[in-house]
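Given next are the chains, with one letter for each unit.
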Amino acid sequence: MEQYALLLASTLNAGTVLALAALGLLINEKAGIVNLGAEGIMLCAAIAGFATVVHTGNDWAGFAAGMAAGALMAASFGWLVIWLNTNQYATGLALSIFGVGFSAFVGIGYVQSKLPERPQFSWFGLGDIPLVGPALLQHHPLVYGAMLIAAGLVWFLFRTRAGLVLRSVGESPESAHALGYPVRRIRLLAVAVGGALCGLAGAYISVIYTPLWVEGMVAGKGWIALALTTFATWRPMRILLGAYLFGGVTMLQFHLQGQGMQIPSQFLTMLPYLATVVVLALISRNPTWIRVNMPASLGKPFHPGS
């Protein structure tokens, strides 16, 4: 039972990274912007957060630095695709490649650095309860924060006027522009906020999830988060559930290795990515379902003067 509790705890921990990043990408896509640069953003945010904690000893300062780095990179991407009308897909890929190389260059001096001792959490003094405590009540606040962000995003998108405007920009920017809404500024703000959440996910990886810096440590999680938005049909709570599903698959490889199962380690390592491909293949069998849920203007440029 203790092993299953640890597996559940590690699933929530791993799922938090994917949930934060995918929720950020959801905000982008609800505004009609596809950002393929999540991997690079998360890597730059990871080194920004890690370096900040190394020098300040404050985890929350590291999270703030990661969010700032993510928002800055995403805003630069937004300026290129929204104002200069560059191709969203090519620009996103360029951002991802840039982030991989830049983070590796900046992080050379931090490879051997160590963070201060990590605090232990036990919420409401119930962390020692068998099974429930280790599984659910000993997590970092951001694990629960991701759940609150998902719930808050549901409320924002479907219960507020600002959320309705954001969705209208993603569905029909021409109509929103005709009604007097500044479509390009709304899209840029959405891209920056989404980038900040991707940055928070990156900082969480290097500060809490694996408290160290290693080149390329995001290891494809940005791409999985991108696929997760489609898997969840652009719904925040489905993203949260999907993130924990993929997080569980990721942690299952370590659990199986710990059980001594005679399975090649290479196969276990590829499980999360194999699951991503299988899920996308299954979803793609029903293109009508995707088309009904997908923002109508996703990936399409908008020119106010046309």
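Further up the page is the structure itself.
**Q** Please clarify how the overall build of the protein should be interpreted in this entry.
**A** A tally of regular secondary structure across the protein gives 14 helices and zero strands. N-terminal to C-terminal, the α/β element order of the protein is α-α-α-α-α-α-α-α-α-α-α-α-α-α. A compact globule built from 306 residues should have a C-alpha radius of gyration of about 19 Å, and the protein, at 20 Å, falls within 12% of that. Seen along its three principal axes, the alpha-carbon backbone of the protein occupies a region of about 60 × 45 × 40 Å. Counting contacts in the protein only where the partners sit at least 6 residues apart, residues at least 24 apart contribute 78% of the total.

**Q** Would you mind showing me how to read unusual backbone geometry here?
**A** Glycine aside, residues mostly have negative phi angles, and peptide bonds mostly take the trans form. Not every positive phi belongs to a glycine, and Ala219 is a case in point at roughly 55°. Residue placement: Ala219 occurs in the loop between helix 9 (183-209) and helix 10 (221-231). Its identity as a non-glycine residue notwithstanding, Trp234 has a phi of 60°, on the positive side. You can see Trp234 is positioned in the loop between helix 10 and helix 11 (236-258).

**Q** I'm lost on empty space enclosed by the protein in this one. Help?
**A** One pass over the structure, following the stated rule, counts one cavity of 30 Å³ or more. In this structure, the largest cavity encloses a volume near 50 Å³. Surrounding the largest cavity, Ile33, Val81, Ile82, Asn85, Gln88, Arg184, Arg187, Pro301 and Phe302 form its lining. Of all elements in the fold, only helix 3 (59-83) and helix 9 reach the threshold of two or more residues within the lining of the largest cavity. Grouping the amino acids of the lining of the largest cavity by side-chain chemistry returns five nonpolar, two polar and two charged.

**Q** Looking at this structure, I do not really get the side chain of His139. What am I missing?
**A** On the secondary structure map, His139 appears in the loop between helix 5 (132-136) and helix 6 (141-159). Those residues in contact with His139, other than ones at most four positions away along the chain, are Ala9, Leu12, Phe121, Trp123 and Tyr144.

**Q** What is the right way to read the packing of aromatic side chains from this model?
**A** Any two aromatic rings considered together are summarised by their centre-to-centre distance and by the angle between their planes. One pass over the structure, following the stated rule, counts three aromatic pairs. With a centroid separation of 5.2 Å and 75° between ring planes, the pair formed by Trp60 and Phe63 is classed as edge-to-face. Taken as a pair, Trp60 and Phe63 lie in helix 3 at a separation of three residues, close to a single helical turn. Looking at Phe63, the relative accessible area reads 2%, which means it is buried. Ring plane angle 15° and centroid distance 5.3 Å describe the contact between Phe98 and Phe102, whose orientation is recorded as stacked. Here Phe98 pairs with Phe102, and both are found in helix 4 (residues 88-106), just four residues apart, close to one helical turn. On the basis of relative accessible area, Phe98 is assigned to the partly exposed category, the value being 45%. Taking the relative accessible area as the measure of exposure, Phe102 reaches 40% and is therefore partly exposed.

**Q** Please clarify how the nonpolar core should be interpreted in this entry.
**A** Where a protein is soluble and globular, its nonpolar side chains tend to be buried together. One finds Met42 and Trp213 to be the most contacted residues of the largest nonpolar core, which totals 80 residues. Here this core gets 14 residues from one element, more than from any other, and that element is helix 9.

**Q** Help me out: how do you make sense of the packing of helix 2 (residues 38-56) against helix 9 in this one?
**A** How two helices sit against one another is set out by the angle between their axes and by the gap between those axes. One way to put it is that helix 2 packs onto helix 9 with a least axis distance of 7 Å and a crossing angle of 55°. Taken together, the axis directions place helix 2 and helix 9 in an arrangement best described as oblique. The way helix 2 lies across helix 9 gives a crossing that is right-handed. Contact residues: Ala38, Ile41, Met42, Ala45, Ala46, Gly49, Phe50 and Val53 in helix 2; Gly195, Cys198, Gly199, Ala201, Gly202, Ala203, Ile205, Ser206 and Val207 in helix 9. For the contact of helix 2 with helix 9, a count of residues per class yields 12 nonpolar, five polar and no charged.

**Q** Would you mind showing me how to read the pattern of salt bridges here?
**A** Two side chains bearing opposite charge may form a pair once their charged atoms approach each other closely. Tallied over the entire structure, the rule returns one salt bridge. We note a salt bridge from Asp59 to Arg118, for which the minimum N-O separation is 2.8 Å. In this pair, Asp59 sits in helix 3 while Arg118 sits in the loop between helix 4 and helix 5, placing the two residues 59 residues apart along the sequence.

**Q** For this particular structure, what's the right way to read helix 9?
**A** Residues that lie three or four places apart on an α-helix share one face, since the helix turns once every 3.6 residues. Under the 1.5 Å per step criterion, the end-to-end length of helix 9 is 37 Å for 27 residues, consistent within 8% with the ideal 39 Å. Residue Ala203 marks the point of greatest curvature in helix 9, where the axis turns by about 25°. Burial analysis of helix 9 places 22 of its 27 residues in the buried class, the great majority of the element.

**Q** I keep staring at the layout of surface pockets and nothing clicks. Help me out?
**A** A probe as big as a water molecule, rolled over the atoms, marks out the empty space that is left. In this structure, the largest pocket spans a volume of roughly 390 Å³. Along the walls of the largest pocket sit 17 residues, with Asn13, Gln138, His139, His140 and Ile208 positioned nearest its centre. Broken down by secondary-structure element, the contributors of at least two residues to the lining of the largest pocket are helix 1 (2-30) and helix 9. No other element matches helix 1, which puts four residues into the lining of the largest pocket. Residues belonging to the lining of the largest pocket are distributed by class as follows: 10 nonpolar, six polar and one charged. Taken as a whole, the second largest pocket holds about 220 Å³ of empty space. Lining the second largest pocket, in full, are Glu29, Val34, Tyr89, Trp223, Leu226, Ala227, Thr230, Trp234, Leu280, Met294 and Leu298. A total of four residues in the lining of the second largest pocket trace back to one element, the largest contributor, which is helix 10.

Reading the values: rules and limits
Residues numbered from 1 in each chain as written. Predicted model: local features only at pLDDT ≥ 70, side-chain atom pairs only at ≥ 80, totals over all residues. Heavy atoms only, no water. Helix = DSSP H or I, 4+ residues; strand = E, 2+ residues; numbered from the N terminus. Rg over C-alpha atoms; globule rule 2.2 N^0.38 Å. Contact = heavy atoms within 4.5 Å. 1 Å grid on protein atoms, 1.4 Å probe; cavity = no way out; pocket = protein on both sides within 12 Å on 5 of 7 lines; lining within 4 Å. Points joined across faces, edges and corners; volume = space filled by probe spheres on them. Nonpolar A, V, L, I, M, F, W, Y, C, P; charged D, E, K, R; others polar. Phe/Tyr/Trp six-rings, centres within 6.5 Å; stacked < 30°, edge-to-face > 60°. Buried < 20%, exposed > 50% of the residue type's maximum accessible area, 1.4 Å probe, protein only. Core = buried A, V, L, I, M, F, W, Y, C linked by side-chain atoms within 4.5 Å. Axes fitted to C-alpha atoms, helices over the stretch in contact; angles between N-to-C directions. Parallel < 35°, antiparallel > 145°, perpendicular 65-115°, else oblique. Left-handed = near helix turned anticlockwise from the far one by under 90°. Salt bridge = Lys/Arg side-chain N within 4 Å of Asp/Glu carboxyl O. Expected span 1.5 Å × (residues − 1). Bend = angle between axes of the 7 residues up to and from the residue.

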